[in-house]
Amino acid sequence: MDCVKKKEQELERKLRANDREYNLPFKYACLDVIRSLGVSQSLRVEVAAGESQSPQSALSVDAVKTNAIKTSKYNPFTFLPLNLFEQFQRIANAYFLFLLVLQVIPQISSLSWFTTVVPLVLVLTVTAAKDATDDINRHRSDNQVNNRKVKVLIDRKLRSEKWLDVQVGDIIKLENNQFVTADLMLLSSSEPLNLVYIETAELDGETNLKVRQALTVTGDLGEDIEKLADFDGEVRCEPPNNRLDRFTGTLTYAGQKYSLDNEKILLRGTTLRNTGWCFGLVLFGGPETKLMQNCGKSTFKRTSIDRLMNVLVLCIFGFLAFMCTILAIGNCFWELNEGSQFTVFLPRQDGNDAGFSAFLTFWSYVIILNTVVPISLYVSVEIIRLGNSFYIDWDRKMYYSRSDTPAEARTTTLNEELGQIKYVFSDKTGTLTQNIMTFNKCSINGKSYGDVYDYTGQRLEITEHTERVDFSFNALADPRFMFHDHSLVEAVKLENPEVHTFFRLLALCHTVMAEEKKEGELSYQAQSPDEGALVTAARNFGFVFRSRTPDSVSIVEMGQQRSYELLAILDFNNVRKRMSVIGADTIIYERLHRSCSKLMDVTTEQLNEFAGEGLRTLVLAYKDLDEGYFNEWKRRHHEASTLLDDRESKLDELYEEIEKDLLLLGASAIEDKLQDGVPQTIEQLSKADIKIWVLTGDKQETAENIGYSCNLLREEMNDVFIISANSPEDVRQELRDAQTSMKPGEDSVFLPEGTLGKGVKVMADEAVNGEYGLVINGHSLAYALERSMELEFLRTACMCKAVICCRVTPLQKAQVVELVKKYKGAVTLAIGDGANDVSMIKAAHIGVGISGQEGMQAVLSSDYSFAQFRFLQRLLLVHGRWSYLRMCKFLRYFFYKNFTFTFVHFWFAFFCGFSAQTVYDEWFITLYNLVYTALPVLGMSLFDQDVNDVWSFQQPQLYVPGQLNLYFSKKAFFKCALHSCYSSLVLFFIPYAAMHDTVRGDGKDVADYQSFALLTQTCLLFAVTIQLGLEMSYWTAVNTFFVLGSLVMYFVVTFTMYSNGMFFMSPSAFPFIGTARNSLNQPNIWLTILLTSILCVLPVVTYRFLFIQLCPTINDKMMFKVRQAKATPAPLPRRTRIRRTSSRRSGYAFSHAQGYGDLVTSGRFLRRPALSRSSGLTNAGRTTTGFSPMGRSAGYSPTGRLQNAKVPDVEVASLQMYRTITDPSL
């Protein structure tokens, strides 16, 4: 059988445990093995659909390795051809290879081969070395992973095998702290109830532990090798895919069918923790594992300057062909009119007429004039980008000491794009906010708690000095928890039934894991910081969650140990967007009993007050169930949970059935504080004319209030439009109403078709009177992104200063970014911190990841990363603007110096009979870009700055020219070409006239070709060096050394090359013997150099003087201010924050994982038997937990640290139904 043969797409995976002969014919993860010179295996993934084949048709075991991975690109045999093939796919490299071929043709080339081969080989070698280093590292990584050892059950014995030898259907044994070998179905473990604990940092960046539990039927196998060897269960499941959060399958064993989901699967890339051992059945191996399925290639991002450069290079090629055609025609006419006079002493070869001579001349001039696109341009660009990337990495002002996180430029190709950003798309939670939740306030039975009042009844502002509630009565309280309203703890002590029920619900309805290493030292591990904050609050108010089993939860209620039987959990998903006891406020409101209407009104009023302070709210409710009805419902729930198809929708129907007529208890208010400096950063970016759109999964009210608190929305705005319709027609009407308010009576404005290529229209920016904001919710956005309405939405949004999109999915985030990219033609940046931001980060021109509380997935997918949102202003206004300015200056100057260099050849052609004779010495041609002009322009491109970073912050308007492409564009390019044309005329004709019929002081002739070549190239070098000095705004010792050093290097090399010794060594290579010492000792030569230099720069100086006087740019004005200012400018005044009150109700976005409800009921949270405990409320000292305070109450993060690996945007479990039981042992 041929592994490479194309197979049908796999629709369903079918495998049998401990039966390689049965599984082999399917060719799961079929691998064609290459074992030459230790190179890792070349991976070819093939899957087959259909039933099994006979064992005779199976591949041999030695020929198939199903768990090897290959991320490398080359091996020792393929590296050279493949790498060269890739490099020559770049148009510039292919162009120079073509020139090299032309240069080896004697009839065409008037230049030696080394003028092209030296720079070309240098570029190819450097690039190949970089690629080889990267691939060697990938080989080492592949070999290290593939050669790891794992115990595999083969022939009823555990054998130590390499990972690459593991096959689908094998049973393997993992031990504590060992990486998971492949995607496994968990069979059994050393822990009670067959639990395992895993760390998923390689998958999602989370360091908090997850729990998985095996089926009871497989858990009974334990570590009995005989039982495991006899296990012959068959698994039918979904085919390989990249969904990390779901798995669907069934296990058939001993005539019974069992449901399999994500909570019974161990994924490759996870690590076994706190578990002695476990056994697993391999379902997916190697490239078919979910880890490898998620390793798709990111979109290759290129800057707008790169795209412009491609256009300009094509134009330059066209212009080069045009010049060569003119010179070829000139050669033809010269041969016809003048050339015949030379045939007497320079006879032509047979068949070489004027036409053929013109043809050869065309290609000769293609070689000579190739310097209009020098290969050193591309090398220099990469060096500049690399250097500017290091500046970002080294910037101490973007280093966050709390988490020891520096800024990181994860790509080196996009730096100048940072200086052209027009739209910033930002996540909210964890990006603008800290994602560290603090229990702030609550409403119980209509009474609000959390505020502090003085004796006159006036509300006091809570500060660090405000008296805290004393929780010393509770021996199990968290000492870091802070609360200031004493009335709430008094209500608890007075045994207010509603208050007790409220905190009992918080203590019971969650999926937190508790660990108690010592008596009373509780440590919580929560899937979300908000859930941990709620359980901690309940703990401090006397309802302490202690432990759980698969069917019960143990808590301490006011000193009394109680156990509640856990009957069922209704799980959360993205469609339901709720849990019945804990969930989003409006979702719960829709399901409350009619008797709660009055309490609902009071609670709603209090929720509005909480919302005015930007708090995240959570409504709590409960329901009493009839036992008979519940038993019937539980039976149907079990049937639905074992379905292989349409399982989720069937469960949702059952959840809808039972989630009705809930009784309202109250609401909690949690504060997700803004990160430091967020309002100031947004204000600065707005002044730089950068439009900020917030794309968040939170509710409209929450996002809107955060928008006000961070200065994105402001009270002084003319209007803030709310788009919240539920039908396409209403959404369209609301968008049009908003347009009419901002700009009455005008239709959408477009630039001509084809501006962006492929007939795409570009929507022009529209000026409006005043400032406006736009808030649109998820339902309306779904309609607004439809093809028929997307332009209406985009026009309305772009007319606004700020846009907030609420309740958006990760896909919608990417769609919004793509919409702006498609129709605005502007540079976009997306910034986020969670896995749900990855699609947006990859879609934008620039992706920025924040290493915060939601894992590292966003950082791993980003182009730049840092720890705090406030660093974005430094990234853009300082590093981005400087990078763009430097790159534009570099390109303008580089094209100027090379066009000037090349055009001199063009004028010389009219005086040398169009013979393709070069005007310069060949060595000067070779070294001009590599030695004489390389370092000065690199020095300018790495160190130049118009103003320092303080002034950049002081005047954010300096950023605007980059958005408008004012520093380098097609217009600027053609100005540069015209300037070069003028300079080349001066550089050719002034030396020509100065040397025409000229003799030395001793009567000897100096008007020879070699002296003219030396004078012309010296004049050229001085002219371009002076022009560089005019371009430079910021001189450093390094810049000065590079400029002066390059001139000194020119004279040193010139006198060396033109010396007698070099001539005698190789007369043909060094023909300019004595030219330097004979010419450069003449005064008229130096006067000519001075004259040409003055004439070259005079128009530039004149133009700049008049331009600055008549219509100065913002940069000119700022440079004038800098010269006037003798001291550092005063710091920016801080905007006074206005505390708002609002009628908007804050939404609550709970970040918890779907599936954890089932996890709790199945016992997968139980780690080991709890310690014996004493209960009761005493005056004993309080114990320390893993939580840290932030603000007015204890901030909670999943691992108990203020800064840690991120927690993804995940959802919470649902309705937990309990029955109180009596346990004499408690």
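Cut-offs used in this document
- Sequence order as written defines residue numbering, which begins from 1 separately in each chain.
- Residue-level local features of this predicted model are given only where pLDDT is at least 70; pairs of side-chain atoms are given and counted only at 80 or more, and the full residue set underlies all totals for whole chains, interfaces and linings.
- Heavy atoms from the whole structure form the basis of all side-chain values; hydrogens and water molecules are not counted.
- Orientation is described by axes fitted as lines to C-alpha atoms, over the contacting stretch for helices, and by angles from 0 to 180 degrees between their N-to-C directions.
- Every helix listed is a DSSP run of H or I at least four residues long, and every strand listed is a run of E at least two residues long, numbered separately from the N terminus.
- Angular relationships are summarised with four words: roughly parallel below 35 degrees, roughly antiparallel beyond 145, roughly perpendicular across 65 to 115, and oblique for the angles in between.
- Left-handed describes a crossing in which the near helix is turned anticlockwise from the far one by less than a right angle; the clockwise case is right-handed.
- Two residues form a contact once any of their heavy atoms are found within 4.5 Å.
- In this count, Pro and Cys sit with the nonpolar residues alongside Ala, Val, Leu, Ile, Met, Phe, Trp and Tyr, while Asp, Glu, Lys and Arg are called charged and the others, Gly among them, polar.
- The nonpolar core is taken to be a set of buried Ala, Val, Leu, Ile, Met, Phe, Trp, Tyr and Cys residues, with the residues joined through side-chain atoms within 4.5 Å.
- Each residue's exposure class comes from its accessible area (1.4 Å probe, protein chains only) as a fraction of the maximum for that residue type: buried when under 20%, exposed when over 50%, partly exposed otherwise.
- Note: two strands are recorded as paired if DSSP finds a minimum of 2 bridges between them.
- We define a salt bridge as a side-chain nitrogen of Lys or Arg found within 4 Å of a carboxyl oxygen belonging to Asp or Glu.

(A) Examining the packing of helix α3 (residues 91-103) against helix α10 (residues 354-368) more closely. In the contact formed by α3 and α10, the axes pass within 10 Å of each other and the chain directions differ by 125°. Between α3 and α10, the angle falls in the class oblique. Read as a crossing pair, α3 and α10 show a hand that is left-handed. On α10, the residues that touch Y95, F98, L99, L102 and Q103 of α3 are W363, V366 and I367. In terms of residue class, the contact of α3 with α10 is built from seven nonpolar, one polar and no charged.

(B) Region of interest: the nonpolar core. Y365, F890 and F895 are the most contacted members of the largest nonpolar core, which totals 103 residues. Top element by residues in this core is helix α27 (residues 871-909). It accounts for 18 residues. Beyond its immediate stretch of four places on either side in the chain, F890 contacts L377, S380, V381, I384, V937, M940 and S941. L674, I692, L713 and M717 belong to the second largest nonpolar core, which has 49 residues in total.

(C) Region of the structure containing the sheet that holds strand β8 (residues 234-237). Reading across the sheet, the four strands line up as β1-β8-β9-β10 and stay open at both edges, with antiparallel pairing between neighbours. Pairing within the sheet leaves two strands with one partner each, and these edge strands are β1 (13-16) and β10 (256-260). Taking the axes of each pair of neighbouring strands and ignoring which way they run, one obtains an average angle of 20° across the sheet.

(D) Highlighting the sheet that holds strand β34 (residues 864-866). Strand order in the open sheet formed by nine strands is β14-β34-β33-β32-β15-β28-β31-β30-β29, with mixed pairing between adjacent strands. Of all strands in the sheet, those with a lone pairing partner are β14 (408-409) and β29 (719-723), marking the two edges. The pairing of β29 with strand β30 (residues 772-776) spans five bridges and is parallel. Paired with V720 across the bridge in β30 is G773.

(E) The pattern of salt bridges, seen in detail. According to the stated counting rule, one finds 42 salt bridges in the structure shown. A salt bridge links R385 to D306; the nearest nitrogen and oxygen atoms lie 2.8 Å apart. Pair noted here: R385 is in helix α11 (residues 376-394) and D306 is in helix α9 (residues 304-337), with a separation of 79 residues, a long-range link. Owing to a relative accessible area of 4%, R385 belongs among the buried residues under this scheme. The shortest N-O distance in the salt bridge between R410 and E408 comes to 3.7 Å. You can call R410 partly exposed: its relative accessible area is 33%. The class of E408 is partly exposed, set by a relative accessible area of 35%. Through salt bridges with shared partners, a single ionic network connects E632, R635, R636, E639 and E657.

(F) Just the environment of I198, in detail. Tracing the backbone shows I198 in strand β6 (residues 195-199). Classification of I198 as buried rests on a relative accessible area of 1%. Along the chain, I198 and R212 lie 14 residues apart, while their C-alpha atoms are 7.7 Å from each other.

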